[in-house]
Amino acid sequence: MKTIVYKTDTPAELHQAVEAAARLLRQGQLVAIPTETVYGLAANALDAQAVGAIFEAKGRPNDNPLIVHIADMEALPQVAARVPEKARLLMERFWPGPLTIILPRTPQVPDATTAGLDTVAVRMPSHPVAQAIIRLSGLPIAAPSANLSGSPSPTEVQHCIDDLTGRVPAIVDGGSCTFGVESTVITLAGEQPRLLRPGAVTLEEMQQLIGPIRVDPAVTQQLQAGAVAASPGMKYKHYSPKARVYLVRGSYQGFCSYVNALEGEGVYAMVFDGEQQGLQKPAFAYGAQQDHLRQAQELFRLLREFDHLGAREVYVRCPDADGVGLAVYNRLIRAAAFTFIDLD
Ligand code: TXA
Ligand code: MG
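Residues numbered from 1 in each chain as written. Chains lettered and ligands numbered in written order. Predicted model: local features only at pLDDT ≥ 70, side-chain atom pairs only at ≥ 80, totals over all residues. Heavy atoms only, no water.

Enquirer: Now, about the overall build of the chain: what can you tell me, with residues and values included?
Expert: Within the chain one finds 11 helices and 16 strands. Here the C-alpha coordinates of the chain stretch approximately 60 × 45 × 35 Å along the principal axes. Within the chain, the proportion of its 344 residues that are buried is 57%. Looking at the chain alone, contacts between residues at least 24 apart form 68% of all its contacts between residues at least 6 apart. Roughly 14100 Å² of accessible area belongs to the chain as shown, and the carbon and sulfur atoms make up 49% of that amount. (Helix = DSSP H or I, 4+ residues; strand = E, 2+ residues; numbered from the N terminus. Buried < 20%, exposed > 50% of the residue type's maximum accessible area, 1.4 Å probe, protein only. Contact = heavy atoms within 4.5 Å. Areas by Shrake-Rupley, 256 points an atom, 1.4 Å probe, with all protein chains shown as cover.)

Shown next as structure tokens:
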């Protein structure tokens, strides 16, 4: 399959890209589109066959449900059967934006989209290109991250080109993604609100608005063998570069001594800004220790970069897990397959 990459730099390019993407979506085809979180692999959420093609193109296990993207509130009743008051409050405050809300679904949403669950994940993205494409298509749009299953989510168009060339008819270039980690996922389909995946909309911000929210254990821990995942995506190995990733807890001095003493080729370090000078191995910074937004932006790009460099082992300074840091931590523990090294 030939893959066309559409630019959106000029008004004419933007117009052509949005027209082409919306047309392909209406024809049941796949298009990789930019969003403010990560690039998404879009298809008509109401067309089981189109949604099936997403799973095929990504190599994604089909028991992992997709997020349905809408451009305006009028589209919501088509996919969500009921909207509880707390969900309404979250939508008013955080939509359009990086928040996905799990709600009871309507019968129109096919099992292929929800992996047979009686709930549906809904998000209204704020990226103007995503908005324009969804609106013109006139459809609710299913879109997982536009990477091959298991690899780091794409935060730049080149990542989509690397993973999906020959697998999809079109990729729309919308530049670098603002947030760099996938949306926050919260369920309001049960008795109590529960955070399933942390993102740029933080637990603290949401709790201020709607009161207590439980944090699903899978946000910070490995699921026990045989346990049923509240959010099926959390049971899969994720975000992993080819290198082995180790999350290192402890002081900066301890980190330098430990990493500098390691032998062999292909050892890399991922550190906070200004920390490279203490290391005798190649070291890349992913933001200041307190700058979680920056860390989120840099994370997936760096993980992919380590692959290009042929890294064998990557030692990472462990981020603080508050605010947006919880999202960074959540992705890194998966990239590291839950392997920690505790110093001091
Ligand atoms: O920022 C994002 O959310 C990006 C962009 C493209 O919008 N999309 C994204 O999709 O990250 P994906 O498929 O990579 O992640 C969706 C997550 C998965 O962990 C999935 O298991 C969960 O949402 N999910 C979807 N529907 C669900 C449902 N009905 N109940 C529980 N979890 C659900
Ligand atoms: Mg994904």
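Enquirer: Residues and numbers for the packing of helix α4 (residues 85–94) against helix α8 (residues 203–210), please.
Expert: Running from N to C, α4 and α8 cross one another at 125°; their axes reach a closest spacing of 10 Å. One finds that α4 runs oblique with respect to α8. When you trace α4 past α8, the crossing you get is right-handed. When α4 is examined against α8, the residues Lys86, Leu89, Leu90, Arg93 and Phe94 are found in contact with a partner set consisting of Glu205, Met206, Leu209 and Ile210. (Axes fitted to C-alpha atoms, helices over the stretch in contact; angles between N-to-C directions. Parallel < 35°, antiparallel > 145°, perpendicular 65-115°, else oblique. Left-handed = near helix turned anticlockwise from the far one by under 90°.)

Enquirer: Outline the side chain of His159, supporting the account with residue identities and numerical values.
Expert: Summarising the element assignment, His159 is placed in helix α7 (residues 157–164). Assessed through its relative accessible area of 6%, His159 is described here as buried. Excluding its chain neighbours within four sequence positions, the residues that come into contact with His159 are Ser153, Pro154, Arg301 and Arg304.

Enquirer: Any chance you could break down the nonpolar core for me, citing the residues and the numbers?
Expert: Counting 48 residues, the largest nonpolar core has Leu41, Leu90, Trp95, Leu99, Ile101 and Met206 as the members making the most contacts within it. Of all elements in the fold, only β3 (40–44), α2 (48–58), α3 (76–79), α4, β5 (99–104), β6 (119–123), α7 and α8 reach the threshold of two or more residues within this core. In terms of residue count, α2 provides more of this core than any other element does, five residues in total. (Core = buried A, V, L, I, M, F, W, Y, C linked by side-chain atoms within 4.5 Å.)

Enquirer: Give me the packing of aromatic side chains: which residues, what numbers.
Expert: Going through the model one piece at a time under the given rule, you end up with seven aromatic pairs. Put simply, the rings of Tyr246, Tyr258 and Tyr315 touch in pairs and so form one group of aromatic residues. Note that Arg249 overlies the ring of Phe340, its terminal NZ or CZ placed 3.9 Å from the centroid. Positioned above the aromatic ring of Phe255, the side-chain terminus of Arg317 is 6.0 Å from the ring centre. (Phe/Tyr/Trp six-rings, centres within 6.5 Å; stacked < 30°, edge-to-face > 60°. Lys NZ or Arg CZ within 6 Å of the ring centre and 35° of its normal.)

Enquirer: Tell me about the pattern of salt bridges, and name the residues and values.
Expert: Counting across every chain of the model gives 13 salt bridges. Linking Arg194 and Asp216 is a salt bridge whose minimum nitrogen-to-oxygen distance equals 2.6 Å. Of this pair, Arg194 sits in strand β10 (residues 194–197) while Asp216 is found in the loop between β11 (214–215) and β12 (244–249), placing the two residues 22 residues apart along the sequence. Its relative accessible area of 23% is what places Arg194 among the partly exposed residues. For Asp216, a relative accessible area of 5% translates into the label buried. With a shortest N-O distance of 3.5 Å, Arg312 and Glu313 are connected by a salt bridge. (Salt bridge = Lys/Arg side-chain N within 4 Å of Asp/Glu carboxyl O.)

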